[in-house]
Amino acid sequence: MFHVDTHTHIISPDTDAYPAAPLGGHRSDWSRERPVDIDGLLRQADAAAIDHLVIVQASTVYGFDNSYVADQLARHADRVSGVCSVDFLSPGAVDDLRHWIDERGFTGVRIRAADGTTAVPTPGRGLDDERMAPVWQFLSERRVPVCVQMHAQHAPVLAGLLQQYPGLTVILDHAGRPRLDAGTPPYPDAPGLPPLHATGRVFVKLTPPAVLRAQREAGSAAPLAAKLIEEFGAAHVMWGSNYPASAGKLAELADLVKEQLPALDATDLALIAGGTAARLYGLAGDDSAASRR
């Protein structure tokens, strides 16, 4: 079984080569308290028997300068893939994407509609700010997976973008902070638009922040995991450790997510463990991806 951790971060000890420039000017607490560089991440992955890692740009440390992750993509192409961050409102955003994707090897991009427990929108009017149109068009045409950190309340706006851009592929970071009320759909529908799961272009990322929130607010994360897998299908679900932003060893964080999964057959389990991510990111561990190259 091919195992892919789809949500990790790295922090360099070399502050001269990779100076901190966090978005908003405030560096994340986790990056100060438990920074892990690429070598530490790879050791943790080996200990957890993880075949491949997707490194998400730590924008709360480096902002939109993806250089540290990019340099590791060049060094460890067989083990890591990268998700970059760019300023979607910048007039040069498409050029920035071309640089990081075409020249530096990133295979995904991330945008924040909300962080943590806050619902502060991304700068501008939100995900559908008209200034972002060139970026969404580029990502749709190139079919680059877009990780969106959002709350369930943003689902109607996202549904509109998915209809407007038919090639757009979205991954909900931390499961998109779904609604946890029993009998309530995880994400609200938009009138006249298909629900997110019906588009076939929305993927859900189960992570420790999503698990811990469900345990805290609903008593257990297992019903949520079962509901998301039932609604979206295992072929649209993946997992991520959020290491080291989430405290603990990578293996412990992987077990935390795995323990929430319902009983699954070997095919569905393999998809969530790594097959879904392998297809999205074109990894060699996925036979169907290899056959397309």
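To be clear, the structure that these remarks concern was listed above.
Report follows, based on the coordinates. (Residues numbered from 1 in each chain as written. Predicted model: local features only at pLDDT ≥ 70, side-chain atom pairs only at ≥ 80, totals over all residues. Heavy atoms only, no water.)

**Side note on the overall build of the protein chain**
Consideration 1: Each helix and strand counted, the protein chain has 12 helices and 8 strands in total.
Consideration 2: At 18 Å, the protein chain has a C-alpha radius of gyration in line with the 19 Å of a compact globule built from 293 residues.
Consideration 3: C-alpha atoms of the protein chain, sized along the principal axes, occupy 50 × 45 × 40 Å.
Consideration 4: Within the protein chain, the proportion of its 293 residues that are buried is 54%. (Helix = DSSP H or I, 4+ residues; strand = E, 2+ residues; numbered from the N terminus. Rg over C-alpha atoms; globule rule 2.2 N^0.38 Å. Buried < 20%, exposed > 50% of the residue type's maximum accessible area, 1.4 Å probe, protein only.)

**A look at the sheet that holds strand β7 (residues 202-206)**
Sheets are built from strands paired through backbone hydrogen bonds, the pairs being either parallel or antiparallel.
Consideration 1: Ordered in space as β1-β2-β3-β4-β5-β6-β7-β8, the 8 strands form an open sheet in which the pairing is parallel. The outermost strands of the open sheet, each flanked by one partner alone, are β1 (4-8) and β8 (237-239). Going across the sheet, the axis of each strand differs from the next one's by a mean of 25°, ignoring polarity.
Consideration 2: Pairing of β1 with strand β2 (residues 52-56), which is carried by 3 bridges, proceeds in the parallel orientation. Across the sheet, the residue bridging to D5 is L53, located in β2. (Pairing = 2+ DSSP bridges. Axes fitted to C-alpha atoms, helices over the stretch in contact; angles between N-to-C directions.)

**As for the pairing of strand β5 (residues 145-149)**
Consideration 1: Burial runs high along β5: 5 of the 5 residues are buried.
Consideration 2: The side-chain alternation of β5 yields two buried faces, one formed by P145, C147 and Q149 and the other by V146 and V148.
Consideration 3: Alignment of strand β4 (residues 108-112) against β5, held across 4 bridges, turns out to be parallel. Across the sheet, the residue bridging to R112 is Q149, located in β5.
Consideration 4: Direction of pairing for β5 relative to strand β6 (residues 169-172): parallel, over a ladder of 4 bridges. Among the inter-strand pairings, P145 is bridged to a residue of β6, identified as T169.
Consideration 5: The parallel pair β5 and β6, bridged by helix α7 (residues 155-164), forms a crossover whose chirality is right-handed. (Right-handed = clockwise from strand over helix to strand, strands pointing away.)

**Some remarks on helix α8 (residues 208-218)**
Consideration 1: For α8, the set of buried residues is P208, A210, V211, R213 and A214.
Consideration 2: Elements in contact with the buried residues of α8: α9 (222-232) and α10 (250-258).
Consideration 3: Looking at the residues trailing α8, positive phi occurs at G219, about 90°. (Contact = heavy atoms within 4.5 Å.)

**Focus on the nonpolar core**
Consideration 1: Core analysis: the largest hydrophobic core is formed by 85 residues, its most contacted members being W136, L139, Y187 and L196.
Consideration 2: Apart from the residues within four sequence positions on either side, L196 is in contact with M150, A155, L158, A159, L162, L172, Y187, V202 and F232. (Core = buried A, V, L, I, M, F, W, Y, C linked by side-chain atoms within 4.5 Å.)

**Thoughts on the packing of aromatic side chains**
Consideration 1: If you walk through the whole model with that rule in mind, you get 5 aromatic pairs.
Consideration 2: Measuring from ring centre to ring centre gives 4.8 Å for Y18 and Y68, while their planes differ by 55°; the resulting arrangement is tilted. Taken as a pair, Y18 in the loop between β1 and α1 (29-33) and Y68 in helix α4 (residues 67-75) lie far apart in primary sequence, 50 residues in all. Across the pair, exposure class does not vary: Y18 and Y68 are buried alike.
Consideration 3: The structure contains a cluster of three or more aromatic residues connected by ring pairs, namely Y18, Y62 and Y68. (Phe/Tyr/Trp six-rings, centres within 6.5 Å; stacked < 30°, edge-to-face > 60°.)

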